[in-house]
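Take a look at the letters that make up each chain.
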Amino acid sequence: MELATDTHNGFAVTLRNLEKRFGDFVAVNRVNLDVRKGEIFGFLGPNGAGKSTTIRMLCGILEPTAGSGTVAGFDITRQAEEIKKHIGYMSQRFSLYEDLTVAENIDFYSGIYRIPAARKNARKEWVIEMAGLTEHRNSRTAILSGGWKQRLALGCAILHEPPIIFLDEPTSGVDPISRRNFWDLIYQLAGEGVTVFVTTHYMDEAEYCDRLGLIYRGELIALGTPGELKSRFMAEEVIEVLCDQPQEALEPIEQLAEVKHAALFGRGLHVVAERADDAIPAITARLKELNLPVNRIEQILPSLEDVFVSQIESHDRKEAPQREVAS
Amino acid sequence: MKFQRIVAIARKEFIHVFRDPRSLAMGIAIPMLMLFLFGYALTLDVDRVPLIVWDQSESPASREFVSRFAGSRYFSLRQHTDNYQGIERAIDNRDALIALIIPVDFARRIEAGRRADVQVIVDGSDSNTATIALGYADAVTLDYSREIIVQQARHQGLPPPVALLDLRPRVWFNADMVSRNYIFPGLIAVIMMIIAALLTSLTVAREWETGTMEQLIATPLKGPELIVGKLIPYFTIGILDLILSLLVGDFVFAIPLRGSLWLLFGMSLIFLVGALSLGILISIVTKNQRMASQLALVATMLPAFLLSGFIFPIDNMPLVIQGITHIVTARYFVTILRGIYLKNVGLGVLAGEAAFLVVFSALVLWLSIRKFRKKIE
Ligand SMILES: Nc1ncnc2c1ncn2[C@@H]1O[C@H](COP(=O)(O)OP(=O)(O)OP(=O)(O)O)[C@@H](O)[C@H]1O
Ligand SMILES: [Mg+2]
């Protein structure tokens, strides 16, 4: 397995114009991507963006409509079964057997991955310990909490120690502490040289990734490290406006000529503008007119979320005229 | 195919069955219930047909004639009446299925050596029973009239007339003509067909519905490993059902098994593979538990009950339908089980049926392996 990965110049995943259509609907639109070995690659996007569809094609369980790709050096259309030997996959839906106990689920997957008898027990104990399930090893999986289930699912997916793992929204619907614990595990695996391809729509998780791809309506619209994205993809400047009634301030601010767009952000607003120095006085003046008291207004460093909101907005602006022509 | 993976699948599938009371009930309790229910209820024998008599003659001769009916095991004399309304009422209420009306001049005519007409009225709503009852009535009457002729000849000092043709019936294979002996082997076949296909029809579809299949198809597991692994537990249940059925047949219904137990087992195992694979195939194609179980029911229950010759003799069916029965697997298994149970026939006679079962089972198994794809469509 090492051989195959190495022959591809250290890339664990390469995608060229990968496309998936369901009838007329384009779920994944000509995606190009390279994921380096040992990297934690985050795949970000809103609901329905095409994250799961892409990950399924990478795992060899969904046939692409067009384009090509390799995983661990194997072709995703012609060598799907080879890929399956070298990856671990955790699907978005919890997919262990709820009527089996923790230990039985692990035993089942060790059988499926044909873990040699000599290593079987050690792997099992490792998974149980890693998932913190020592006391629940003989409990039915159905009664476990979400965080436990997800760690167990991860454990079952990496029993055979694959060099690449695909995790599809592994932490959705899990409490913050469990999410932290889960990311500790991901770091631990990455530290051992495992490539981690993970989808999420949590921004704080995106910050943990080595590199990120932003997918929107099937298209990869931004790619880079979190730092790169914040500087390179963010030509505009971000202003934070803290006020008492942000909902009411939103519309008037967006209508200002100096402002590109604005969005609710926590207890305030994030306003994107060409130049903060021009926008801040304009906003202050407008809010004063409207009798909306401002607690604080200042330029801030953009967060990843700002980057993504701005990227999506500009993507929509570019697409909108084309769509009108088409229809 | 890797043994380790098949074992893993089979073990997990066993656990599903044992932890799910519904599948245990469907696998063991329902077949046994069906066996008892049909074993007791389904009999084609017609005995003790309820009889009502209107004896207008009221003579020793007529009383003797009636006693011939009452004394036979085929009739049971329920009522006497002296008018048509009585007969009508009895038949309407199903107190009687058949009525004898003996004319006033019955005794006089017989003594005079002339023909006496006895009227028989029969409730034709159950035509099968009616035909059989009429046959019995005919036989009783014929017997009595022959006796009278012999007696009269003796009185007149003549030699008794000799009947030129004499039918000497001898029944082979089911000498007591107990229809249960005939029905029971077919019943085993029908129950095994339905239960086997129903059981497996859920297994693959369930995994698609719960999402566990998405995880499985992303592993190196192969289709044939999955299918064989999934068949093993249900195969075991099928064998258990067969053994239980044989025991019930022997100890509860006292059905004699004349042929080889081993042949019976061998044939049943081949049949089981086919029926179970049919369920799996349906499950693979539909990917939906509800649709799969309904399809399995329609695909097995109707043909097995109606077209296998289990209750309705194939020879009496219209030619087109007879043609269709040739593709009903249960038909061959019914024939095989009956042959072994009743006639002690071996593979020599059953070769055709056995070959069909082998081909069918292999074909369905192969199809389900072909149809299973490790892809989301
Ligand atoms: N089998 C399918 N047939 C038709 N449409 C599909 C199919 N699978 C996915 N889609 C559509 O493709 C689009 C992308 O779906 P996908 O599941 O990849 O989104 P996602 O980014 O994973 O979203 P989520 O965050 O909701 O999981 C959606 O609009 C979805 O409805
Ligand atoms: Mg998804």
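All residue numbers here refer to positions counted from 1 along the written sequence of the relevant chain. The lettering of chains begins at A and the numbering of ligands begins at 1, in the order of writing. Side-chain atom pairs in this predicted model are given and counted only at pLDDT of 80 or more, local residue features only at pLDDT of at least 70, and totals for whole chains, interfaces and linings cover all residues. Think of the side-chain values as coming from all heavy atoms in the structure, minus any hydrogens and water.

**Describing the interface of chain B and chain A**
So, point 1. Counting residues at the interface gives 28 residues for chain B, matched by 33 residues for chain A.
So, point 2. Reported buried area values correspond to the accessible surface (1.4 Å probe) lost by two parts on association, with both partners' losses combined. Buried area between chain B and chain A, summed over both chains or domains, comes out near 2800 Å², and the portion from carbon and sulfur atoms is 53%.
So, point 3. Each salt bridge in this description consists of a side-chain nitrogen of Lys or Arg and a carboxyl oxygen of Asp or Glu lying within 4 Å of one another. At the junction of chain B with chain A, the criterion picks out three salt bridges.
So, point 4. One salt bridge in this structure joins B:Arg19 and A:Glu104, with 2.9 Å as the shortest N-O distance. We call two residues in contact when some of their heavy atoms are within 4.5 Å.

**Digging into the nonpolar core**
So, point 1. For the purposes of this section, nonpolar cores are sets of buried Ala, Val, Leu, Ile, Met, Phe, Trp, Tyr and Cys residues that join through side-chain atoms within 4.5 Å. Only protein chains enter the area calculation, which uses a 1.4 Å probe; residues under 20% of their type maximum are buried, those over 50% are exposed, and those in between are partly exposed. Judged by nonpolar contacts, the single largest core of 160 residues is most densely connected at A:Val71 and A:Phe166.
So, point 2. Ignoring anything within four residues of it in the chain, the contact list for A:Val71 reads A:Ala12, A:Val13, A:Leu58, A:Ile76, A:Ile83, A:Ile87, A:Ile164 and A:Phe166.
So, point 3. Residues B:Leu51, B:Phe75, B:Leu100 and B:Ala137 belong to the second largest nonpolar core, which totals 19 residues.

**As for the domain arrangement of chain A**
All names here are of chain A.
So, point 1. Taken as a whole, chain A is organised into domain 1 (5-230) and domain 2 (231-326).
So, point 2. Counting across the interface, domain 1 meets domain 2 through one salt bridge.
So, point 3. As a salt-bridge pair, arginine 217 and aspartate 316 come within 3.9 Å of each other at their nearest N and O atoms.
So, point 4. Pairing of N or O atoms within 3.5 Å defines a polar contact, subject to two protein rules: one partner must be a possible hydrogen donor and the other a possible acceptor, and residues neighboring in sequence count only if both atoms are side-chain atoms. Counting every contact that joins domain 1 to domain 2 gives five residue pairs in polar contact (both at pLDDT 80 or more).
So, point 5. Runs of H or I in DSSP of at least four residues are treated as helices and runs of E of at least two as strands, each being numbered from the N terminus. Contributions of two or more residues to the side of domain 1 that touches domain 2 are made by α8 (203-208), β9 (211-216), β10 (219-224) and α9 (226-232).
So, point 6. When residues of the side of domain 1 that touches domain 2 are assigned to their parent elements, the largest contribution, five residues, is made by α9.
So, point 7. Gly is put with the polar residues, along with every residue not named as nonpolar or charged; the nonpolar set is Ala, Val, Leu, Ile, Met, Phe, Trp, Tyr, Cys and Pro, and the charged set is Asp, Glu, Lys and Arg. Residue composition of the side of domain 1 that touches domain 2, by class: 11 nonpolar, one polar and five charged. For each domain, the first and last residues come from an automatic or database assignment.

**Focus on the site of ligand 1**
Residues and elements named next belong to chain A.
So, point 1. Only heavy atoms are used to decide nearness, and a residue is near a molecule or strand if one of them lies within 4 Å of it. Neighbouring residues of ligand 1: 13 residues in total, closest Gly48, Lys51, Ser52, Thr53 and Gln92.
So, point 2. Backbone polar atom of glycine 48 to an oxygen atom of ligand 1: 2.8 Å apart, as the coordinates give it.
So, point 3. The backbone of glycine 50 places a nitrogen or oxygen atom 2.9 Å from an oxygen atom of ligand 1.
So, point 4. Elements represented by at least two residues in the shell around ligand 1 include exactly β2 (25-36) and α2 (51-58).
So, point 5. Counting residues per element, the shell around ligand 1 draws most heavily on α2, at three residues.
So, point 6. Each residue belonging to the shell around ligand 1 can be placed in one class, and the counts come to five nonpolar, six polar and two charged.

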